[in-house]
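Survey of secondary and tertiary structure
Letter by letter, the chains look like this.
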Amino acid sequence: MAAAVPTQARSGAESPRDAAARPALVELLLFSDDAAECARATVDWLAERGGARKSICALIDAESGTLKHVAAAGVSEGQIESLHLALEAPDHPLVFALAGREPVSLGKRRAPDSWRSDFLAIPLPLSEAREARQGLLLVSPARCEPEARWAAEMLGQKIARLRAAAATADSAHKVQRERELLLNIVNASPDPILLTDPEGRMIISNARADALFSSKEGQSEGRHRAVTLNNMMFSAALSQQAIDESGAVRRELLLVSPSEGSDLLFELLSSVVQHPREGTCVVSILRNVTDLRAATEQIEENYRRLRLAEADVRAERDRLDLIIDSVADPILVTDSSGKILLMNSPAERLFTAPDRDERAEAERAVRSNDAHFSSFISNLFLTGSGLRWRGEIPLTDPSTLQPLPVEAVAGKVMSEHSEVTAVVTILHDRTEAIEKARLYEQLKAASEQLEEKVREATAELVRRNELLQRQHLELEQASQLKSQFLANMSHEFRTPLNAILGYTSMLLQGVSGDLAAPQKNKMLRVDSNARHLLSIINDILDISRIEAGKMPLHLEEFEMPALVAELLAEVEPLIQKSRLQTLTDLPPGTALVVSDRQKVKQIVLNLLTNAIKFTPHGQVKVMVREDERLGEVGIAVGDTGIGIAPQDQDKVFEDFRQADNSVTREYGGAGLGLAICRRLAKMLDGRIELQSRLGRGSTFTLVIPRKGKRR
Amino acid sequence: MSTIAPSTRRPIVLVVDDIADNREMYSEYLSFAGYDVIEARNGLEAIDAAQKRSPDIIIMDLSLPVMDGWEATRRLKADERTRRIPVVALTGHALAGHSKGAQEAGCDSFLAKPCLPDQLVAEIRRMLESGKAAVTTTKGAS
């Protein structure tokens, strides 16, 4: 609340004491443009002509927000100083007075210490509203109020005008400065900036825009044309935008460089603004994108090339993949840390768990394979400098879970800076090799066993051979002993037989006198049996001689018919006794044969005696046949005797055999004859053939080579 | 017998055999056949008898005790006094080697036992005849 009680305004009806005084002040104020000067003139005027003993003028300083004295008269320094106060002190009587509608009388009690007199505070000017007040005019005594009120009004109006003019001038200056600043900023922009009306007529343009869109007198024709063209293009672009009716729009604008004549591509960014005075305007910013466009095209080109190169690389990679995949051995490419960068499908089979098969075993196998492989790769780096590393890895086939021993060959791929960029590892299935090695070992073992067996067998053979040799020797000795024994036996038999036959012969010859018929008959039986015994002994001796190889061959040339005649002569007594008919069938000529005559004779004689022996009646026929083609000659002895049953035809050639045991008793003989004949025929490289029918007769044929060879 | 008659003496046959039965059988038969017979039981006796009696022919068994027939024959043939006397080997050993060995030893003929007495006589006659012929031829030639 204002402490001061405003004095009743009394209208300016009161006339001044000095009628000429007021125009003086008006004149002073009229010619002064300075607020402080006006204040001082007013204070001085009041003191001199207004009747005031004391007066102070204080003006509001808007900048500092304080009330400051500017002029004073009849007032002490202390009072003047105390008048400097802040406007934000509403309790202060002066601040209160400043806002009042009437002058405020500062009572003694209310006034500060320095204001003991009856000062009257009048706002400058009183007629204006609180906001337009410029300060206070303090006067004393109060009775000079009418003059003071007028002066305050005059001064207040004057100061208000002065301050308003100052403010306007200040503002215009500021606007000019800002405009210059703005133009500088706009000019500093590397991009052309324009403010135009919607038709494209330029209102404001920066230097860059001027270079494109304006020309001056005296400049080249080309430049003029370029500028004209640019303006047309720009207008066209703007009108296009006007049609579009959108806010800020980006578009491309192709212009010509007036200085160089080259094409320039701009990006046009324009927006419509409403200007309070000019109406609708268009702000356009052009950005030179010629280089940008080129760069973009370059980038696009590069990108295209990159794509092509990438395609090439992909194709190359595909081809590489194809090649790698076609290799049956697993191939892995890892980086230096052991991470797998690439692998072919055989490797995938080992190091990637099968998708559909989610068996834990398969996964375990894959993990185990990974671990083994990583260990192998880390070994490669631990063991240092070599580019290659060879080793064996015991892998497991995830699909079969069978052990898969592989031989791994790893090679480092070095960069230009001798850094390891990758490691290529090729795995080779060793199963087959191991199997082969195993088979080889088996084979070797088997071979060794075989060798051992062969050695054993050889040793056994040697042993047996020695045994055989010993046995052979023993056999030879035994054979010799046997032959010796037989020879001795034969000798021992012959010696008594010699005496028996000799004495029998002598008795029969009547050496000891004639014998009576019964005696002679019995002596004949002794003689016959002794001769039989002798023939048996001779047969046994023959066989033992043949067996012992002690019957040598005596080859000679002889005529077969002569031999036959000799034989027939020898058996003549027998034939006569048997009353058989004898026939011969001999080939024409001499029928020369080379053989052992004695043995041929022995054989045929045996055959003849047999034929005679076993033929009760009928005939005995001797035939000689030559076979030129085979170089053989056959001597056949045929009879019409008892014959031999087919089942017995082989038996007759066996030792001590006749076809029937009863025959032996009936016909005599030891049954060794044919056995000896067969042996002898064999010695002559010949054979004895038999054709026979029981009851119809037999034909024995000795077949020998015409020209026998000495063995 | 007419061939023997001109000499007015019976030819002397030396029978060498260790078996008495054989020796005596041949002796009896040869005497019966008209020969004078001297007997010997072994090679040594045979040489001694041949040297003392100069037989016309010797019947020599080869398997003999003390001295066998081969050795005795070799000695007889080596001795000027006895070498012209024909030796007929007579053996029960019928093996091939025997006759050959007998020939090598100097035997002039070979007979295998058993040999009947009349066979022996036939051989003696043959040998004596051929020996006379040879001597005659030799004499005639010289």
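Note: the structure precedes this text.
Now for a look at the structure at hand. (Residues numbered from 1 in each chain as written. Chains lettered and ligands numbered in written order. Predicted model: local features only at pLDDT ≥ 70, side-chain atom pairs only at ≥ 80, totals over all residues. Heavy atoms only, no water.)

With respect to the side chain of R149 of chain A
Counting through the fold element by element, R149 of chain A comes out in helix α5 (residues 145-188). Within the structure, R149 of chain A has its side chain in polar contact with the side chain of E102 of chain A (distance 3.1 Å). (Helix = DSSP H or I, 4+ residues; strand = E, 2+ residues; numbered from the N terminus. Polar contact = N/O pair within 3.5 Å; in protein donor to acceptor, adjacent residues only side chain to side chain.)

What to know about the interface of chain A and chain B
Opposite the 23 residues of chain A that make contact, chain B presents 21 residues. For the pair chain A and chain B, the summed buried area comes to about 1900 Å², and 65% of that belongs to carbon and sulfur atoms. Seen at the junction of chain A and chain B, the total is zero salt bridges. Listed by contribution, the elements that provide at least two residues to the side of chain A that touches chain B are α11 (431-509) and α12 (517-547) of chain A. It is α11 of chain A that provides the largest number of residues to the side of chain A that touches chain B, a total of 15 residues. (Contact = heavy atoms within 4.5 Å. Buried area = accessible area lost by both parts, 1.4 Å probe. Salt bridge = Lys/Arg side-chain N within 4 Å of Asp/Glu carboxyl O.)

Topic: the sheet that holds strand β13 (residues 331-334) of chain A
Residues and elements named next belong to chain A. If you walk across this open sheet you meet the five strands as β14-β13-β17-β16-β15, and the pairing is antiparallel. Every other strand in the sheet has two partners, leaving β14 (340-343) and β15 (388-396) as the edge strands with one partner each. Strand after strand, the sheet turns through a mean of 25 degrees between neighbouring axes, direction not considered. Note: β15 against strand β16 (residues 403-414), nine bridges, orientation antiparallel. Pairing of G391 across the sheet is with A408, part of β16. Contacts from helix α10 (residues 360-382) reach β13, β14, β15, β16 and β17 (420-429) within the one sheet, and its direction differs from that of β15 by about 165 degrees. (Pairing = 2+ DSSP bridges. Axes fitted to C-alpha atoms, helices over the stretch in contact; angles between N-to-C directions.)

A short note on unusual backbone geometry
Of note, the bond from L124 of chain A into P125 of chain A is cis; its omega dihedral lies within 30 degrees of zero at -15 degrees. Put simply, S140 of chain A and P141 of chain A share a cis peptide bond, and its omega is -5 degrees. With phi around 45 degrees, S54 of chain B is a residue other than glycine that occupies positive phi space. Tracing the sequence through the fold places S54 of chain B in the loop between α2 (43-53) and β3 (57-61).

Some remarks on the sheet that holds strand β23 (residues 687-693) of chain A
Residues and elements named next belong to chain A. Strand order in the open sheet formed by five strands is β19-β21-β22-β24-β23, and the pairing between neighbours is mixed. For this open sheet the edge positions go to β19 (581-585) and β23, each flanked by a neighbour on one side alone. Strand after strand, the sheet turns through a mean of 15 degrees between neighbouring axes, direction not considered. One ladder, built from seven bridges, connects strand β22 (residues 632-639) with strand β24 (residues 697-705); its direction is antiparallel. The residue bridging E632 from the neighbouring strand is P705, located in β24. With respect to the sheet, helix α14 (residues 597-613) is in contact with β21 (619-627), β22, β23 and β24, its orientation differing from that of β22 by roughly 20 degrees. Against the sheet, helix α16 (residues 673-683) makes contact with β23 and β24, and its axis sits at roughly 140 degrees relative to β23, the strand it touches most.

A few points about the packing of α12 of chain A against α16 of chain A
Residue and element names in this part refer to chain A. Running from N to C, α12 and α16 cross one another at 30 degrees; their axes reach a closest spacing of 10 Å. Considering the angle they form, α12 stands roughly parallel to α16. Crossing angle aside, the handedness with which α12 passes α16 is left-handed. Residues D539, D542, I543, I546 and E547 of α12 touch α16, and the partners they reach there are G673, I676, R679, L680 and M683. Split into classes, the residues belonging to the contact of α12 with α16 amount to five nonpolar, one polar and four charged. (Parallel < 35°, antiparallel > 145°, perpendicular 65-115°, else oblique. Left-handed = near helix turned anticlockwise from the far one by under 90°. Nonpolar A, V, L, I, M, F, W, Y, C, P; charged D, E, K, R; others polar.)

Concerning the pattern of salt bridges
Considering all chains together, one arrives at 39 salt bridges over all chains under this definition. The salt bridge involving R287 of chain A is made with D191 of chain A; its shortest N-O contact spans 3.6 Å. Placement of R287 of chain A in strand β12 (residues 279-288) and of D191 of chain A in the loop between α5 and β8 (193-196) is noted, with a sequence separation of 96 residues between them. Under the relative-accessibility criterion, R287 of chain A is labelled partly exposed at 41%. Given a relative accessible area of 16%, D191 of chain A falls into the buried group. R23 of chain B serves as the salt-bridge partner of E39 of chain B, at 3.0 Å between the closest nitrogen and oxygen. Note that E39 of chain B is positioned in strand β2 (residues 36-40) and R23 of chain B in helix α1 (residues 20-32), a separation of 16 residues in sequence. Judged by relative accessible area, E39 of chain B falls into the partly exposed class, the value being 35%. (Buried < 20%, exposed > 50% of the residue type's maximum accessible area, 1.4 Å probe, protein only.)

Some points on the pairing of β8 of chain A
Residue and element names in this part refer to chain A. On β8, burial covers both faces: I193 and L195 on one face and L194 and T196 on the other are all buried. Taken together, the four bridges between β8 and β12 define a ladder with antiparallel strand orientation. Bridge assignment links T196 to a residue of β12, and that residue is V282. Where β8 and strand β9 (residues 202-205) come together, three bridges link them in antiparallel fashion. In the sheet register, T196 faces β9, and the bridge partner there is M202. Counting the residues between successive antiparallel strands, the hairpin from β8 to β9 contains five residues, one of them, G200, with a positive phi of roughly 100 degrees.

Quick word on empty space enclosed by the protein
All names here are of chain A. One pass over the structure, following the stated rule, counts two cavities of 30 Å³ or more. Computed from the structure, the largest cavity encloses a volume of approximately 40 Å³. As for the largest cavity, its lining consists of R250, E267, L269, I285, L286 and R287. It is β12 that contributes the most residues to the lining of the largest cavity, three residues altogether. Residues that form the lining of the largest cavity fall into these classes: three nonpolar, no polar and three charged. (1 Å grid on protein atoms, 1.4 Å probe; cavity = no way out; pocket = protein on both sides within 12 Å on 5 of 7 lines; lining within 4 Å. Points joined across faces, edges and corners; volume = space filled by probe spheres on them.)

What to know about the packing of aromatic side chains
All names here are of chain A. Counted according to the given criterion, the structure contains five aromatic pairs over all chains. With a centroid separation of 5.4 Å and an interplanar angle of 55 degrees, the aromatic rings of W45 and W150 are classed as tilted. Placement of W45 in helix α2 (residues 35-50) and of W150 in helix α5 is noted, with a sequence separation of 105 residues between them. The same class applies to W45 and to W150, which are both buried. With a centroid separation of 6.4 Å and an interplanar angle of 50 degrees, the aromatic rings of F376 and W389 are classed as tilted. In this pair, F376 is assigned in helix α10 and W389 in strand β15, connecting sequence segments 13 residues apart. Accessibility expressed as a relative area gives 5% for F376, which makes it buried. (Phe/Tyr/Trp six-rings, centres within 6.5 Å; stacked < 30°, edge-to-face > 60°.)

A word on a nonpolar patch on the surface
Residue and element names in this part refer to chain A. The grouping of L181, L182 and I185 at the surface amounts to a nonpolar patch, some 320 Å² of accessible area in total. Position of L181 among the secondary structure elements: in helix α5. L181 sits in the exposed class, given a relative accessible area of 51%. (Patch = residues over 30% accessible without salt bridge, like charges linked within 9 Å, V, L, I, M, F, W, Y side chains within 5 Å. Areas by Shrake-Rupley, 256 points an atom, 1.4 Å probe, with all protein chains shown as cover.)

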